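Architecture and fold: a report
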Amino acid sequence: MVITKSRLVLGATAVTLSTIAVTSLGIHSRGQALFKASPKELVDEVWQIVQRQYVDGTFNQVDWLAVRTEYLNKSYSNQQDAYTSIREMLKKLDDPYTRFMDPDEFKNMQVDTSGELTGIGITISQDEETKRIVVISPIDDTPAFKAGILAKDVIIKIDGKTTEGMDTNEAVSLIRGEPGSKIKLTIERDGRPKEFQITRARIEIHPVKYSSQQTPAGKLGYVRLNQFSANASGEMQSAIRDLERQRVEGYILDLRRNPGGLLYSSVEIARMWLDRGTIVSTVDRKGEQEREVARGRALTNKPLVVLVDEGSASASEILSGALQDNKRAVLVGATTFGKGLVQSVRPLEDGSGLAVTIAKYLTPKGTDINKHGVEPDVTVKLSEEQLEQLWLKERDKLATLADPQFAKAVEVLGKEIAATGMTTSERK
């Protein structure tokens, strides 16, 4: 269970509502299938993968052997019959992150890591307890973001169709569509329904935005990371090096509303800030643990504050947890989303794919943040009114002193800079 770039096992599971079906999953490389499996063979292939890899050896108290007998005794006339049965079979695990993708969904998922999307630009998940479809976060500057969708919104209807009993696969198929087409989402926020009419679009995502800013704490480097896509680490490296040339005195890394992405990307980015220490460990059902560590190649050792909120999920939690536990950064904001499970995605013989929960990840201190999240060192929680004002109505105030969380980050960072007792020229 080595977390490497070639294997692409990822630590966040989120469904991106676009032609990109799923973000934050990993792909096990495998050659193109030489033949198309029969429907029954496909069902058994899925069963066997879960049998070998699923994180819980009790299969969440399901008699998995009996499930195999039940579904192999069925008759299948075509692949669609198999797809229906596979989804029924996986639903018995009661795990929203273990999911089947038909060939179109699987192809779309693979495109996701390129950072180019077509759709509305939100990530969703199914709440493990309530089974409701929940928004993890809208992606910056996308149709969903501009329409006013927020993290933790519950999607209760899609074009008038209730989402009760709906899984993420069905939600994705209903929400995806061609650029220029419209969709109506009914969401529940603080117990009240709201309707949003959103036009789908083609979206190009640049995961990193940065600038140097003169603040009361001095000249600071501000870096916003909105997604851990394949190009995120390269863009982060360029940003830090440029800001170092500009001789900033400290950094604010903004992970607010970052729903996650590729696990290896979060590890690579952590190594840019950390010289030593554990970054993340993963534990499978046998208790076997794999650990990713820093390699002494940090690009800067200047003081760092990380901004997090309820929309910071999975890979964001890996990065923020690593920086917090290693005392490399101070976390400011609100408790993160709480997604601490690792999925692996496997291609199947007919071109479809399977995401399976294979492990849980732990922060360097061994903390399991699943369902709990990473707690900030300094809490600055915004009200719904403040969130809408800052992220939607007055976006130009984001990452300025009119942004309460950013303002607190500047204050904290000023103290950190003063505490180092070093001049800019003495720092790396």
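Structure's up top.
This structure is a prediction, so every number in the text was calculated from the model and none was measured.

If you trace the six strands from one edge of the open sheet to the other, you get β10-β11-β12-β15-β16-β19, paired in mixed fashion. Both edges of this open sheet fall to β10 (208–215) and β19 (378–379), since each of them pairs with a single strand only. For strand β16 (residues 330–333) and β19, the ladder comprises two bridges, and the chain directions are parallel. Bridge pairing in β19 links glycine 333 to threonine 379. The strands that helix α7 (residues 232–245) touches are β10, β11 (218–225) and β12 (250–254); relative to β10, the one it contacts most, it runs at about 20°.

Looking at the element boundaries, glycine 148 is found in the loop between α5 (143–147) and β5 (154–158). On a C-alpha basis, the gap between glycine 148 and leucine 392 in space is 6.4 Å, while along the polypeptide they are 244 residues apart. Residues within four places of glycine 148 in sequence aside, it is in contact with Asp153, Arg189, Phe196 and Leu392.

This next bit is on the nonpolar core. Among the nonpolar cores identified, the biggest contains 63 residues, and Met236, Leu253 and Trp273 are the most heavily contacted of them. When near neighbours in sequence (up to four residues on either side) are disregarded, leucine 253 contacts Val223, Met236, Trp273, Leu304, Val305, Val306, Leu307, Leu319 and Leu323. Counting residues in each nonpolar core, the second largest holds 17 residues, with Ile124, Ile133, Ile155 and Ile158 among its members.

What counts, and at which threshold
- Residues numbered from 1 in each chain as written.
- Predicted model: local features only at pLDDT ≥ 70, side-chain atom pairs only at ≥ 80, totals over all residues.
- Heavy atoms only, no water.
- Pairing = 2+ DSSP bridges.
- Helix = DSSP H or I, 4+ residues; strand = E, 2+ residues; numbered from the N terminus.
- Contact = heavy atoms within 4.5 Å.
- Axes fitted to C-alpha atoms, helices over the stretch in contact; angles between N-to-C directions.
- Core = buried A, V, L, I, M, F, W, Y, C linked by side-chain atoms within 4.5 Å.
- Buried < 20%, exposed > 50% of the residue type's maximum accessible area, 1.4 Å probe, protein only.

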